[in-house]
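# Observations on the model geometry
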Amino acid sequence: MADATTGRTRRAPRGHPDAPSFEALLLVLGPDRERAGQRYESIRARLVRFFTWRGAAAPEELSDTTFDRVCRKVNEGFPLRPADAERYFLGVARNVLRESWDHDRRHATAELTDFTLSRAVPTALPRDEDSPALGCLERCLDALPPETRDLVLLYYEGDGGLQIPQRRALAERLGIGTNALRIRLHRLRSRLEDCVRGCLQRTGSDQ
Amino acid sequence: MTVPADLAVRYLLGDLPEAEREALEECYFLEADAFEELKAVEDDLIDAYCRGTLAAPQRPLFEARYLQSESGRQRVEFARALTRASVASRERRGVPAAAPAAAPRRWLAWAAAIAAVALGGAALWQLGRLRVEVLEVRQEKEALQRSADASAAELGQMRQRLGELTDRLTRLRVQAGVVATLVLSAGLERGSGDVPRLVLKPGTEEIGLTLRLPVDGHDRYDASLQTVDGREVWRGNGLAPVTTAHGRALDIGIPAATLRTQSYVVLVRGRDEAASALGHSYVFEVRRP
């Protein structure tokens with residue numbers, strides 16, 4: 001199933017052996033297949049962030065595991081009510097996270113000391129002038145409509161105390177509230193980040 | 001539903017107690033707006049780190065969360081690139097650059113270094129003068145706040161000046177050997193192993209605690225300093241928050257003679273909160289050599 005907003009193909013969670021289970025889950029998420037698919041994407045986005053924000057090493061994999069489990073439960077006849085789906089996913093995700101921590105602890109060996117020490121020191125970021133992200137960002141900004149590009153650059157250009165009045169003025173100019181502006185810019189920024197990530201991957205694979 | 005930014009930041013930094021963390025997770029799983037809001041707060045957090053405006057105690061938490069993974073580093077790199085691109089755009093338009101953000105203040109390092117320098121009378125004289133100056137700036141700030149048309153920029157500058165003066169005042173009090181200081185954030189749990197420690201040297205008369213306040217909208221607070229077994233050793237009622245280099249905070253002074261080598265907790269509650277409200281707690285440990 002193609003997703004209209006991301007262009008990605010919506011698929012059953014990786015490694016899930018039973019496509020009908022996924023179909024059963026979509027039925028729980030909504031009678032309309034397209035809307036159910038959107039709700040699936042929305043839950044998936046939350047799961048990935050949940051695992052990321054809780055410091056998991058492999059958020060995507062743990063999200064897949066969570067989906068696998070919920071699909072299996074639904075297929076086995078668990079009466080998941082549509083209204084409870086998000087809350088249920090969160091509960092399963094917490095269990096998956098705890099188990100991954102237990103697994104990590106069990107597999108800790110003597111080598112862990114060195115490993116932990118090396119992880120405890122933040123990895124240095126490249127200097128600005130060396131950062132390939134900057135070149136990619138310039139390209140991605142150039143691909144935006146001029147007014148959108150200007151909006152992004154204006155929004156992020158203020159510093160410290162000047163940023164607040166500057167953003168307030170920008171919101172007034174656009175006739176929206178500052179929070180609405182913030183959310184709008186967050187969405188634009190997410191698109192830009194995706195664009196830069198893709199550009200960096202292409203650049204990396206070219207080398 | 002709006003997620004309080006302070007709560008969101010502490011969640012993102014892994015600094016939220018379990019009950020609040022779980023409540024916030026329910027919130028963003030069930031409310032689309034809350035999820036968007038939290039992601040926007042994360043953008044701001046990453047920007048603050050890149051611009052050097054993230055509070056010093058939060059920087060190591062941020063680095064542990066975001067610089068340990070490839071995806072986190074990519075996000076930080078992206079934010080740096082975005083800041084740089086916006087600065088370049090401003091320069092192209094001929095708008096002068098804003099003053100660089102002040103380096104994060106390192107209170108405890110300062111206190112340790114400066115306490116070694118004996119300034120005696122000069123420090124005390126400056127201390128008196130600064131007290132007057134701080135009072136004047138506070139009055140100016142209050143006047144500004146009363147004025148409905150005071151611009152946000154002016155208020156921001158005034159707050160910054162007040163913060164700087166408060167910092168200088170605290171430094172001078174430390175230099176004069178009168179005060180030992182500690183900056184505390186709410187929510188450290190007892191027994192977590194990260195309890196801030198205050199070493200009281202002979203001659204210290206007072207300890208100055210800066211209690212960083214979460215955004216909760218209260219104008220006045222009651223504070224109670226207690227031993228871990230619940231015995232109250234000091235109380236302050238109707239305390240007004242101040243704006244310091246650490247953000248909105250309560251500055252309290254406690255006679256050093258009342259403190260012994262042990263752990264303490266300061267319980268802070270908004271004046272208008274019910275007596276049963278949990279409020280905020282700040283844990284620290286006192287050591288006498």
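A brief look at the structure comes next. (Residues numbered from 1 in each chain as written. Chains lettered and ligands numbered in written order. Predicted model: local features only at pLDDT ≥ 70, side-chain atom pairs only at ≥ 80, totals over all residues. Heavy atoms only, no water.)

## With respect to the overall build of chain B
What chain B contains, in helices and strands, is eight helices and nine strands. In chain B, buried positions account for 44% of the 289 residues. Contacts in chain B between residues far apart in sequence, at least 24 positions, make up 67% of those at least 6 positions apart. When the accessible surface of chain B is totalled, it reaches about 14,100 Å², and 51% of it is carbon and sulfur. (Helix = DSSP H or I, 4+ residues; strand = E, 2+ residues; numbered from the N terminus. Buried < 20%, exposed > 50% of the residue type's maximum accessible area, 1.4 Å probe, protein only. Contact = heavy atoms within 4.5 Å. Areas by Shrake-Rupley, 256 points an atom, 1.4 Å probe, with all protein chains shown as cover.)

## Some remarks on the state of the cysteines
Residues and elements named next belong to chain A. Taken as a whole, this structure holds two disulfides over all chains when the rule is applied. One disulfide in the model links Cys-136 with Cys-199; its S-S distance is 2.0 Å. An S-S torsion of about -75° defines the bridge between Cys-136 and Cys-199 as left-handed. With Cys-136 in helix H6 (residues 132–142) and Cys-199 in helix H9 (residues 178–206), the pair connects residues that are 63 residues apart, well separated along the chain. (Disulfide = S-S within 2.5 Å.)

## Things to note about the interface of chain B and chain A
Tallying the contact residues gives 50 residues for chain B and 51 residues for chain A. In this assembly, chain B packs against chain A so that about 5,000 Å² is buried in total across both faces, 54% of it on carbon and sulfur atoms. There are 10 salt bridges connecting chain B and chain A. Glu-37 of chain B is the partner of Arg-182 of chain A in a salt bridge, and the nearest nitrogen-oxygen pair spans 3.1 Å. Counting the contacts that link chain B with chain A gives 19 residue pairs in polar contact (both at pLDDT 80 or more). Taken together, the elements giving at least two residues each to the side of chain B that touches chain A come down to helix H1 (5–12), helix H2 (18–30), helix H3 (32–51), helix H4 (58–66), helix H5 (70–92) and helix H8 (152–175) of chain B. Among the elements that take part in the side of chain B that touches chain A, H5 of chain B stands out by supplying 16 residues, more than any other. Grouping the amino acids of the side of chain B that touches chain A by side-chain chemistry returns 23 nonpolar, four polar and 23 charged. (Buried area = accessible area lost by both parts, 1.4 Å probe. Salt bridge = Lys/Arg side-chain N within 4 Å of Asp/Glu carboxyl O. Polar contact = N/O pair within 3.5 Å; in protein donor to acceptor, adjacent residues only side chain to side chain. Nonpolar A, V, L, I, M, F, W, Y, C, P; charged D, E, K, R; others polar.)

## Examining the sheet that holds strand S1 (residues 179–185) of chain B
Two modes of strand pairing occur in sheets, parallel and antiparallel, and in both the strands are linked by backbone hydrogen bonds. All names here are of chain B. Taken in spatial order, the four strands of this open sheet run S1-S3-S7-S6, and their pairing is mixed. One side of each edge strand has no neighbouring strand; the edge strands of this open sheet are S1 and strand S6 (242–244). On average, each strand axis in the sheet is inclined to that of its neighbour by 40°, with strand direction left out of account. Where strand S3 (residues 206–212) and strand S7 (residues 247–255) come together, seven bridges link them in antiparallel fashion. Bridge pairing links Leu-211 to Leu-250 in S7. (Pairing = 2+ DSSP bridges. Axes fitted to C-alpha atoms, helices over the stretch in contact; angles between N-to-C directions.)

## Quick notes on the packing of aromatic side chains
Two measures describe an aromatic ring pair: the distance that separates the ring centres and the angle between the ring planes. Residue and element names in this part refer to chain B. Under the criterion given, the structure shown has 16 aromatic pairs over all chains. Look at Tyr-49 and Phe-62: their rings are 4.3 Å apart centre to centre, the planes differ by 20°, and that puts the pair in the stacked class. Here Tyr-49 is found in helix H3, whereas its partner Phe-62 is found in helix H4, with 13 residues between them in sequence. Each member of the pair Tyr-49 and Phe-62 is classed as buried. (Phe/Tyr/Trp six-rings, centres within 6.5 Å; stacked < 30°, edge-to-face > 60°.)

## Observations concerning the nonpolar core
Generally speaking, a soluble globular protein has its nonpolar side chains buried in company with each other. With 52 residues, the main nonpolar core has Phe-50 and Phe-51 of chain A together with Tyr-11, Tyr-28 and Phe-62 of chain B as its most contacted residues. Ranked by size, the runner-up nonpolar core spans 26 residues in total, among them Leu-209, Ala-223, Tyr-264 and Phe-284 of chain B. (Core = buried A, V, L, I, M, F, W, Y, C linked by side-chain atoms within 4.5 Å.)

## A closer look at helix H7 (residues 146–157) of chain A
Spanning 12 residues, H7 of chain A covers 16 Å between terminal C-alpha atoms, matching the ideal 16 Å at 1.5 Å per step. Buried residues of H7 of chain A: Thr-148, Arg-149, Leu-151, Val-152, Leu-153, Tyr-155, Tyr-156 and Glu-157 of chain A, and no others. (Expected span 1.5 Å × (residues − 1).)

## Here we look at the environment of Gly-279 of chain B
Residue and element names in this part refer to chain B. For Gly-279, the position within the fold is in the loop between strand S8 (262–270) and strand S9 (280–287). Classification of Gly-279 by relative accessible area gives partly exposed; the value is 30%. Sequence separation between Gly-279 and Gly-187 is 92 residues; the distance between their C-alpha atoms is 10.0 Å. Once residues lying within four places of it in the same chain are set aside, the contact partners of Gly-279 are Val-268, Arg-269 and Glu-273.

## Comments concerning helix H3 (residues 59–75) of chain A
Residues and elements named next belong to chain A. Between the first and last C-alpha of H3 there are 24 Å, a value that for 17 residues agrees with the 24 Å anticipated at 1.5 Å per step. The inward-facing, buried residues of H3 abut helix H1 (19–29), helix H2 (33–53) and helix H4 (85–106). Positive backbone phi, approximately 105°, marks Gly-77, located one or two places after H3.

## Thoughts on the sheet that holds S9 of chain B
All names here are of chain B. Here we have five strands laid out as an open sheet, ordered S2-S9-S8-S4-S5, and mixed in their pairing. Looking at strand neighbours, the two that pair on one side only are strand S2 (197–199) and strand S5 (232–239), the edges of this open sheet. Strand-to-strand twist in this sheet, taken as the mean axis angle between neighbours without regard to direction, amounts to 20°.

## Re the pairing of S7 of chain B
Examined bridge by bridge, S6 of chain B and S7 of chain B share three bridges and lie antiparallel to one another. Along S7 of chain B, the bridge assignment pairs Thr-243 of chain B with Arg-248 of chain B.

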